[in-house]
Every structure is written in structure tokens, then in C-alpha cells.
Amino acid sequence: MNKDAKNNEISIADLVSLFLSKLWIIIFAAVIGGVVAFSYSKFVLPLKYSSHISMYVQSYTGISENANNYNNISNSKQLVNTYMEVLKDDAVMNAVGDELKESFDEALLADNFGMKDGKISTSSLRNSLSISTVTDTSALNVSATTKNAELSAAVCNALAKVAPSYLKEAVGVGQINTIDTAKVYNIPVAPNMKKNTAIGAAALMMLAMLVIFLIDFFDNTIKDSNVLSDKYKKAIIGEIQMFDQDKKKKDEKEDDHVKLTDKDVPFAVVESYKSIRTNISFALSTMDKKIFLVSSTNPGEGKSTASANIAIALAQGGNKVLLIDADMRKSVQHKIFGLKNKKGLSSAISKMADLDSCITKDVMENLDVLTSGPVPPNPSELLASDSMTSIMETLRERYTTIIIDTPPVNVVTDSMELAKNVSGIVMVVRYGITTNDDVDEAMNKVNFSQLNVLGFIMNGVKVGGGKYYSKYRKYGKYGKYSKYGKYGKGYSYGYYGETPQLNDNSDSAETNKKTEPVKKDAPKSETVKKEEPKTEKTSDNTSQKSDSKSNKKNGKNKKGGK
């Protein structure tokens, strides 16, 4: 529920999804609230004891005839409310206080009631009393609660003692009687541990839910790729889920970038980059220049790691790829691939070194890397120079696809300087980090420079956080094939249906063994007879493709023989 979705109504399903995604926070808050309430009740709140007495109201001083019983009760009910007000009067409270001072020492009374000028405060004494009526009767229940069990009983008995005289003087009608005296109960009635614990847990849980809702409601970060696509009318090229790296990698500040070929990369992340590879290929299919930029709005959104992994994915798809690190101020591609950076793009543009000597070739199969080189004093001017344009024209003829890693758009203008040399830019945004304002600012700059936006890549998508990203769970049942399945080594990073890129000689040998029985079982004469008609009927292009496929197979068999 970001700002772009504020105009839409928030449904109950959205709230449930939000609270479920933060369920552990809500449960933790409830537990903390319960523990705090229990501890406060147990160790801070004092024990309190209660006692009670029942008082009965009569409208006449005596009952001589049975026929008058009904009228007596009816008249008594009318006096109950009047009597309750009289019993709470300050004069009655002062009289009760005087009775208590005769039986208890002042220190005990001061610990239970407020004292003023040596007298018990009428308000504190009134607060310790509870006077209520019994439904459909003329009876009054009087209860007193204090820190001392004997004192509670004494308060009830004192009130019952002074009440008749004050009621007779104030009302002048009827009388009030008591059957028994208040008893001393040594079992505390407060604090109620269970009740307080439940209240504390519920209160903190509701507070946590309110805070979660308010934070999410006013959250301006991007968390929904559909909203991003609809707002800017641009395609979502891919979504890369967030995953935990090894603790060792987290501790190494200089090497926190993960390559697609690392052994611990989840299967879902590999599949995400395959999808990005396909979408970028479609986006560039109608363009003359197969050159594009990869950038972000601000630093720390993962554009350099995304650039490297997109280059790897494209290279694994059979494309001749060049990755250029044009982020001369803060270059990282040489760190990702473990290369030297003594000379690179800055050296080639300034003609301090030959272009071919600046390119590190065969970093991986089909992948070359042009590092940034020494940090120049004027990176923007170098990227906008004619020398850079000449270099791009030269490299365009050598490579199928060229990827340029550029600085963040909202920080410097380096990306804009390359607009004339590329077909477009891919913007990387980070889930829950990049704000809508950041993207607005970046898009305004990109549109002003007339740089074509190919689409967005949402990086760091959280898995399992609500209904929107639950689709990533479907990769779980296929994940075993990326590492443990029988096809794991051969098909970890290739397209489905493509010839697998073999990682070692043992895999190559196994592949050759699997293909050999097919050749042995089929007679040579039959094989020739079946292949000849196909070659005659097919066009020249088809025969060329079949020749190229056979050459690839022969090359792989030779590799396996080694």
C-alpha cells in the first residue's frame, strides 16, 4: 500500500496480508506486553484485600401486618438511590474516618488512605468503597478494598455503624438494617495476574498492528512492480528475489557482490536472470544497436551486480557479450570478476592505452570485460567525447550485445552522456528501498535527455511477504535440480532445450557416453539413407544451421576427449 495505491480502497484482504507478513512482530509484541504486564502486577502492584456487608432498607420502622409487606418493599426501593447518595456524603465519610482512627494507628491509615491535617481524606476513603444495589430488591451491597484485610472489614463495619443516624437525620423516612458484620478475608483480590497479563498482551499487540499499518500506509517505497509499470508505462524486465548470503561474505565488505555462477545462488534467482535475458533480447530485437545501459536511481540498489549477472546470463545464452564498467567514480566490476584495473575504459578514451589491451577477454565463455580503468578527473566529459563514440562504433562490430554499467542517475549525469551511443537504459530499483520520488526524479532526467527506457528490474524482492510475492514459492519443487538433481551440473544456467554448457571434463565424458549408444545401435547405411533426403529437401539456410549444430557437437566431443 504505497502512495500510488492510496487512491484505491484498502480491502480487508490487503490488511490481512499485511498483518500476516508481519505476524512475527505482532506475536513478539503480544508476548512482550504479556510479560511486562505480568511482571508489573507481580512485583510492582501491591496486594489488595476486600470485605463486604449487606444493608437492607425499610420504609417504615416496623412491619406489623403481612398485608403491608408489598408496600414496604415498594417504598424501600424508592429510598435506595437516596440512601446511596447520603452514604457517600463527606459527613458520613468523616464519621467513618473517625471510627477508623480509634482502631488503627496513623501509619497504617496513611499507607492506605490520603491524610490531611491528621484526618483521613474523604475522597480517598470514598474511592476505597463500592456501594451498589441488588436488582429487584431494596438491599445495598457495600464493599471496601484496601491493602490490609482487617482494615477493609473495619471500613464496612464503620459505615454500617454510622449510617442509620445520618440517614434518619438527612432523609427522615425509613430505616436501614444489617444482619451480620463484615468478615476479614485474607485472600487478595488484586492484582488479577491473568486478567492483567491478557490486557497487556492485547494492548501491545493492537499497538503493534496500528504502528505496522501506519508505517505501511505512509510508506513511499516501491513494493509492487505492477504499480511501477502502470505509473510509468514501462515494462518490468524482471524481478530478483532477495536471498541470504554466507556470513563470510557478509563480513567481507569488499566482496559483497554475488555472481550468477556462485554455488550458493538459489534456483529462483538463476531463473529470474534467465527471464531477464529473454526479455532484454526481445527488447533489443528491433533495434540496430544491441547496446544498453544499466543504472539505478541512487547508490546501493544493486545495479552493478545486476549488470554483471545479466552479462553472464546473456553469455551463457550463446551471445558474444562485452561488459563495460562506465562507473569510473566507484567501479566494482573488476572486483566482481577478480580482474586488474590498472587500465580500462578511461585509458582507452584518453588514448593512453590501446583499446584491445584494455579489454580482458574470455573472463567467461563468450564474455569479455572492459573495466573502468584509473579514476579520471572528468568522467562525464570523457563519456560524452567523440573518442567514446568512436570506441562504441568499433566495439559494436565485434560483439552481439554490449552492457554498460553506469553511475546512479540521480547522483551524476554520466548515463545521460551516453544516450546517443545506446539503444536504451534498464533501471534497477530495490524493493522497499527505492522511493517513488527517487524514480520520479530519475525518469524526469532520463526523459529530458531523450534516453529510451527499456524497462525496470526490481531487485531484492522479499519472498513470502504477503500474497504478491508468493509466486516465488513455486520454484521450490524445481530447486533441487539446480544443485542435486541428475541434470544439475549440465543445466544449471542454460536455457531449457539448449545444449548444456559443460563445466568440467567429467561432465563432458558422461555426455559423450550417453550419445554414443545411439550411434552404435543405428546402422551406418540406414543413417545415411535417412539423412540424404532431408538434406536435399531443405533450403540452404537449413543446411547451414544443421552444419553449425554438427560442428558444435564435434567441438564438445573433442573437449570431452581432453
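You'll find the structure just up there.
Quick caveat: nothing in here was measured; it's all calculated off a predicted structure.

Draft legend 1. Quick peek at the sheet that holds strand β9 (residues 321-325). Taken in spatial order, the eight strands line up as β7-β14-β13-β8-β12-β9-β11-β10 in an open sheet, and their pairing is mixed. With partners counted over all chains shown, the strands left at the sheet margins are β7 (236-241) and β10 (359-364), one partner each. Averaged over all pairs of adjacent strands, the angle between strand axes in this sheet comes to 25 degrees, irrespective of strand direction. Inspection of the sheet shows β9 paired to strand β11 (residues 367-370) by four bridges, in the parallel sense. In the sheet register, Val321 faces β11, and the bridge partner there is Leu367. Where helix α12 (residues 303-316) meets the sheet, it contacts β8 (291-296), β9, β10, β11, β12 (401-405), β13 (424-430) and β14 (453-461), and its direction lies at approximately 170 degrees from that of β12.

Draft legend 2. Representation of helix α7 (residues 149-170) within the structure. The end-to-end C-alpha separation of α7 is 31 Å, in line with the 32 Å expected for 22 residues at 1.5 Å each. A bend of about 40 degrees at Ala163 is the largest found in α7, and the proline Pro164 appears one to four places after it. For α7, the side-chain oxygen to backbone nitrogen distance between the N-cap and Glu150 is 3.0 Å, and the N-cap itself is Asn148. Just beyond α7, the residue with positive phi is Gly172, at close to 80 degrees.

Draft legend 3. Structural detail: the packing of aromatic side chains. One pass over the full model with this rule turns up three aromatic pairs. Considering the side-chain rings of Phe217 and Phe218, the 5.1 Å spacing of their centres and the 85 degrees angle between planes classify their relative orientation as edge-to-face. Of the residues examined, Phe218 reaches a relative accessible area of 58% and is grouped as exposed. Through successive ring pairs, a cluster of aromatic residues spans Phe213, Phe217 and Phe218.

Draft legend 4. Examining the sheet that holds strand β4 (residues 129-133) more closely. What the four strands build is an open sheet, ordered β4-β5-β1-β6; its pairing is antiparallel. The strands lining the two open edges of the sheet, one partner per strand, are β4 and β6 (175-178). Strand-to-strand, the axes of this sheet are offset by a mean angle of 30 degrees, without reference to chain direction. Contacting β1 (49-58), β4, β5 (139-146) and β6, α7 runs over the sheet at an angle of about 20 degrees to β1.

Draft legend 5. View of the pairing of β12. Of all five residues in β12, five are buried; the element is thus mostly enclosed. Where burial is concerned, the two faces of β12 agree: the one with Thr401, Ile403 and Asp405 and the one with Ile402 and Ile404 are both buried. Both β8 and β12 contribute to a ladder of four bridges, which runs parallel. Within the sheet, the bridge partner assigned to Phe292 lies in β12 and is Ile403. Pairing geometry for β9 and β12, over five bridges, is parallel. Bridge pairing links Ile324 to Ile404 in β12.

Draft legend 6. The arrangement of the packing of helix α9 (residues 225-232) against helix α19 (residues 436-448) in detail. One can describe the packing of α9 onto α19 by two numbers: an axis separation of 12 Å at closest approach and a directional angle of 35 degrees. By crossing handedness, the relation of α9 to α19 is classed as right-handed. Together, Leu228, Lys231 and Tyr232 of α9 and Asn436, Val439, Asp440 and Met443 of α19 make up the contact between the two elements. Its residues assigned to classes, the contact of α9 with α19 shows four nonpolar, one polar and two charged.

Draft legend 7. Representation of the pairing of β11 within the structure. Neither face of β11 is open: one carries Leu367 and Val369, the other Asp368 and Leu370, and all of them are buried. Pairing of β10 with β11 involves three bridges; the strand directions are antiparallel. The partner of Thr360 across the bridge, within β11, is Val369. The hairpin turn running from β10 into β11, its antiparallel successor, is two residues long, and Asn366 in that turn takes a positive phi close to 70 degrees.

Conventions and cut-offs
- Residues numbered from 1 in each chain as written.
- Predicted model: local features only at pLDDT ≥ 70, side-chain atom pairs only at ≥ 80, totals over all residues.
- Heavy atoms only, no water.
- Pairing = 2+ DSSP bridges.
- Helix = DSSP H or I, 4+ residues; strand = E, 2+ residues; numbered from the N terminus.
- Axes fitted to C-alpha atoms, helices over the stretch in contact; angles between N-to-C directions.
- Contact = heavy atoms within 4.5 Å.
- Expected span 1.5 Å × (residues − 1).
- Bend = angle between axes of the 7 residues up to and from the residue.
- Polar contact = N/O pair within 3.5 Å; in protein donor to acceptor, adjacent residues only side chain to side chain.
- Phe/Tyr/Trp six-rings, centres within 6.5 Å; stacked < 30°, edge-to-face > 60°.
- Buried < 20%, exposed > 50% of the residue type's maximum accessible area, 1.4 Å probe, protein only.
- Left-handed = near helix turned anticlockwise from the far one by under 90°.
- Nonpolar A, V, L, I, M, F, W, Y, C, P; charged D, E, K, R; others polar.

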